[in-house]
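# Summary of the model geometry
The chain contents come next:
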Amino acid sequence: MNSRSAGEGLRHVHYLIFLSFALGFLIWGFVSTSGIMTINYFKDYIPPWLLPLSVVIGYVFVVLGDLTMGVLTDRLGRKRIFVYTMSMYTVGLLGMAASLYVKQLVNPMVAFTVLMVSYALAEFGVGGEEPPALAAITELMPSGSRGMMLVLTPNFDNVGAALAAAILYVSLLLTGQASVPSIYAMIGSALVVVFVALIVRLSIPESVKWLEARGKVNEAIEVARREGLEYVLSKGGSNIQLKAPPAWFRALFLSIIGLVQITTYGLMAYTIIYLPSLPFSGNPELQSLVVLLANLGASIAGLIGFWVDAIGRRPLTLLSYVGGLLTMVPIFLIYAAINTPLRSSLPVFYALLFLNMAFSEFGWAVRALLEPELFPTRTRGTWIGMIRLIAWGVYIVLTYYLLNTLNTYQYLLVNLILYAIGALVSIAWYIWGVETRGVPVSILDEAMG
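Residues numbered from 1 in each chain as written. Predicted model: local features only at pLDDT ≥ 70, side-chain atom pairs only at ≥ 80, totals over all residues. Heavy atoms only, no water.

### What to know about the overall build of the chain
Rules: Segments assigned H or I by DSSP are reported as helices when at least four residues long, segments assigned E as strands when at least two residues long, and all are numbered from the N terminus. Our radius of gyration looks at C-alpha atoms and nothing else; its globule reference is 2.2 Å times the residue count to the power 0.38. Type-normalised accessible area, obtained with a 1.4 Å probe on protein chains alone, sets the label of each residue: buried when under 20%, exposed when over 50%, and partly exposed for intermediate values. What sets the accessible areas is the Shrake-Rupley method with a 1.4 Å probe; for residues, cover comes only from the shown protein chains. Under the convention used here, Asp and Glu are negative, Lys and Arg are positive, and both His and the chain ends fall outside the count. Each charge is placed at NZ for Lys, CZ for Arg, CG for Asp and CD for Glu.
When you go through the chain residue by residue, the secondary structure sums to 16 helices and 0 strands. The C-alpha radius of gyration computed for the chain amounts to 22 Å, which stays within 12% of the reference 22 Å derived for 449 residues, consistent with globular compactness. Considered along the principal axes of its C-alpha atoms, the chain spans approximately 65 × 50 × 30 Å. Burial statistics for the chain: of 449 residues in total, 60% are counted as buried. Accessible surface, the chain: about 16500 Å² in total, of which carbon and sulfur atoms supply 69%. Of the side chains in the chain, 26 bear a positive and 23 a negative charge, and the two mean positions are spaced by 3 Å.

### Structural notes on a nonpolar patch on the surface
For the record, the criterion: Without a salt bridge and with relative accessible area above 30%, a residue can belong to a patch; like charges are then joined within 9 Å and nonpolar side chains (Val, Leu, Ile, Met, Phe, Trp, Tyr) within 5 Å. When a carboxyl oxygen of Asp or Glu is within 4 Å of a side-chain nitrogen of Lys or Arg, the pair counts as a salt bridge.
Taken together, the side chains of L296, I300, L303, F306, W307 and L319 make up a nonpolar region of the molecular surface, amounting to roughly 590 Å² of accessible area. By relative accessible area, which is 45% here, L303 ends up partly exposed.

### A look at the pattern of salt bridges
All chains considered together, the criterion is met by 17 salt bridges. For the salt bridge of K209 with E212, the shortest nitrogen-to-oxygen distance reads 2.8 Å. A residue pair is termed a helical-turn pair when its members lie 3 or 4 positions apart in one helix, as K209 and E212 do in helix α8 (residues 208–213) at 3 residues. The class of K209 is buried, set by a relative accessible area of 4%. Here E222 ties to R225 by a salt bridge, and the two come within 2.6 Å at their closest N and O atoms. Of this pair, E222 and R225 both sit in helix α9 (residues 217–227), 3 residues apart, which is roughly one turn of that helix. Residue E222 is classed as partly exposed on the basis of its relative accessible area of 33%.

### What about helix α13 (residues 346–373)?
For the record, the criterion: Helix span is expected to be 1.5 Å times the residue number reduced by one.
Across its 28 residues, α13 extends 40 Å between first and last C-alpha, which sits within 8% of the 40 Å expected from 1.5 Å per residue. The buried count for α13 comes to 23 of 28 residues, which makes it a mostly enclosed element.

### Side note on empty space enclosed by the protein
Convention followed: As defined here, a cavity is a set of points on a 1 Å grid over the protein atoms alone where a 1.4 Å probe fits but cannot get out. A pocket is an open set with protein on both sides within 12 Å along at least five of seven lines, and residues line them when an atom is within 4 Å of a point. Grid points are joined across faces, edges and corners, and a volume is the space filled by probe spheres set on the points. Think of it as three bins: nonpolar holds Ala, Val, Leu, Ile, Met, Phe, Trp, Tyr, Cys and Pro, charged holds Asp, Glu, Lys and Arg, and polar takes everything else, Gly as well.
A complete count under the given rule lists 5 cavities of 30 Å³ or more for this structure. There is about 240 Å³ of room inside the largest cavity. Contributing to the lining of the largest cavity are 18 residues, with W28, D157, I262, Y265 and W392 lying nearest its centre. Mapped onto the lining of the largest cavity, the elements with two or more residues apiece are α1 (12–41), α2 (50–76), α4 (108–140), α10 (247–269), α13 and α14 (380–405). In terms of residue count, α10 provides more of the lining of the largest cavity than any other element does, 4 residues in total. Of the residues contributing to the lining of the largest cavity, the split by class is 10 nonpolar, 3 polar and 5 charged.

### Here we look at the packing of aromatic side chains
Remark: the centre distance and the inter-plane angle together describe each pair of aromatic rings, the angle taken between the planes. Our working rule: Aromatic contacts are taken between Phe, Tyr and Trp rings whose centres are within 6.5 Å, Trp giving its six-membered ring; a plane angle under 30 degrees counts as stacked, one over 60 as edge-to-face, and the others as tilted. Sitting over a ring, as applied to charges here, requires NZ of Lys or CZ of Arg to be within 6 Å of the ring centre and within 35 degrees of the ring normal.
Counted under the stated rule, the structure contains 18 aromatic pairs. Ring centres 5.7 Å apart and planes at 35° place the aromatic pair Y59 and W392 in the tilted group. In this pair, Y59 is assigned in helix α2 and W392 in helix α14, connecting sequence segments 333 residues apart. Owing to a relative accessible area of 10%, W392 belongs among the buried residues under this scheme. Taking the centre distance of 5.5 Å and the plane angle of 55° together, the rings of F332 and Y409 count as tilted. Of the two residues, F332 sits in helix α12 (residues 313–337) while Y409 sits in helix α15 (residues 408–432), which places them 77 residues apart along the sequence. Ring pairs connect the aromatic residues W248, F249, F253 and W429, which therefore count as one cluster. One cation-aromatic arrangement involves R201 over F82; the distance from NZ or CZ to the ring centre is 4.4 Å. A cation over a ring is seen here: R314 above Y430, with NZ or CZ 5.9 Å from the ring centre.

### Focus: a positive patch on the surface
There is a patch of like positive charges on the surface, built from R75, R80, R214 and K216. If you trace the backbone, R75 turns up in helix α2. Judged by its relative accessible area of 56%, R75 falls in the exposed class.

### Here's the deal with the environment of G258
Operational definition: Contacts are residue-level and defined by heavy atoms, with any inter-residue pair within 4.5 Å sufficient.
For G258, the location among the structural elements is in helix α10. We classify G258 as buried; its relative accessible area is 0%. Residues G258 and G312, 54 residues apart in the sequence, show an inter-C-alpha distance of 19 Å. Those residues in contact with G258 that lie beyond four places of it in its chain are R367 and A391.

### Let's talk about the packing of α4 against α13
Think of two packed helices as two axes; the pair is described by the angle between the axes and how far apart they sit. To be explicit about the condition: Here, axes are lines fitted to C-alpha atoms. For helices the fit covers the stretch in contact, and angles between N-to-C directions go from 0 to 180 degrees. Throughout this description, any angle smaller than 35 degrees is read as roughly parallel, any larger than 145 degrees as roughly antiparallel, any in the 65 to 115 degree range as roughly perpendicular, and the remainder as oblique.
Interhelical geometry of α4 versus α13 gives an angle of 70° and a closest axis separation of 9 Å. It follows that α4 is roughly perpendicular to α13 by the angle criterion. Residues E130, L134 and T138 of α4 touch α13, and the partners they reach there are W364, A368, E371 and P372. Here the contact of α4 with α13 is composed, by residue class, of 4 nonpolar, 1 polar and 2 charged.

This is the structure in structure tokens:
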């Protein structure tokens, strides 16, 4: 039994769905950059041991949000979850802004506590949006455009981070110092985006595949008919044959490439600015420029979404992690093995960082494509949350360890080793993995179930 809309191309509702989730990822970029740079504003008022701990707290709550909302979205629906996530990061952003005001009135440690609680809440909210967003995009977009949308939409996290860093960098150039108004500008911009996202999300539908998976078939058919969505009931008699590797192999593969991508991106785009052995430490202008260039490189690379459906998932995986390894090698050789002073060659470092972050974005694209495609609708959100838990968990431990080790050689060596692991795993997936490009969700549900 099939129920299909008249056309399978992108319709008005698909653009609304894209805009809704793109704005959510844009907010995530603002939250991450605003949080990191606001913590930096307090670094002279907190004990040195507290700095690395405060940096990883945000990541811890991203993980908790991913896992919690991943499980809940499979039970409550994709659309309903956004009520909770948007409430959390709205309150969190307001609290982050308020902490700077509190600092001027009360003891800085009280203000720092307000900041960390607010930052944790905001990161829980933005992290919690990832599983329902990726699941909804997979289930609501036409099969032929699914890959493009799964790549373009998360890329707005990089865009948001780059915009936030640009706002801060321009403010620093104009004022010559890290000013409270510049941080207010970052957070205020994020709150404007939240308001726009709220309006858009009132118009998007619930996932028809989730409705079907929960036994609400008649409602699923009605939503598909009303919105003009492509919809095929599971076991619809398609001629496509897909034999997937076992669930443990898919989960292991995704967990490894996830931890490689998250860790290498986070270490090179954000936490590297805190290493005292490098010239970024204590220099807000250089710090904001590193974050800006790293996320600009990732943002530009994210435009691959326009052609990602023209190539297979397996070749893209290979390109992402082998390319990341090849661009990490000169960074390690120049600044760790040869030990060239970074201050004397910043333009070279910026160029290499920009290129490395482009391949890092390709890795993110692969994750965004495969995490929702390699698991069935009824457990898609839960699996995404579990895989993110593993990947982010390793990243948190490594970040805390490396920021306390404070050794440039070890820091860059770990990045190189991680990219080598990612390259090996991508080769394994190219050989033994399954190709999911353009496969309808109904067929994915049967193969991955």
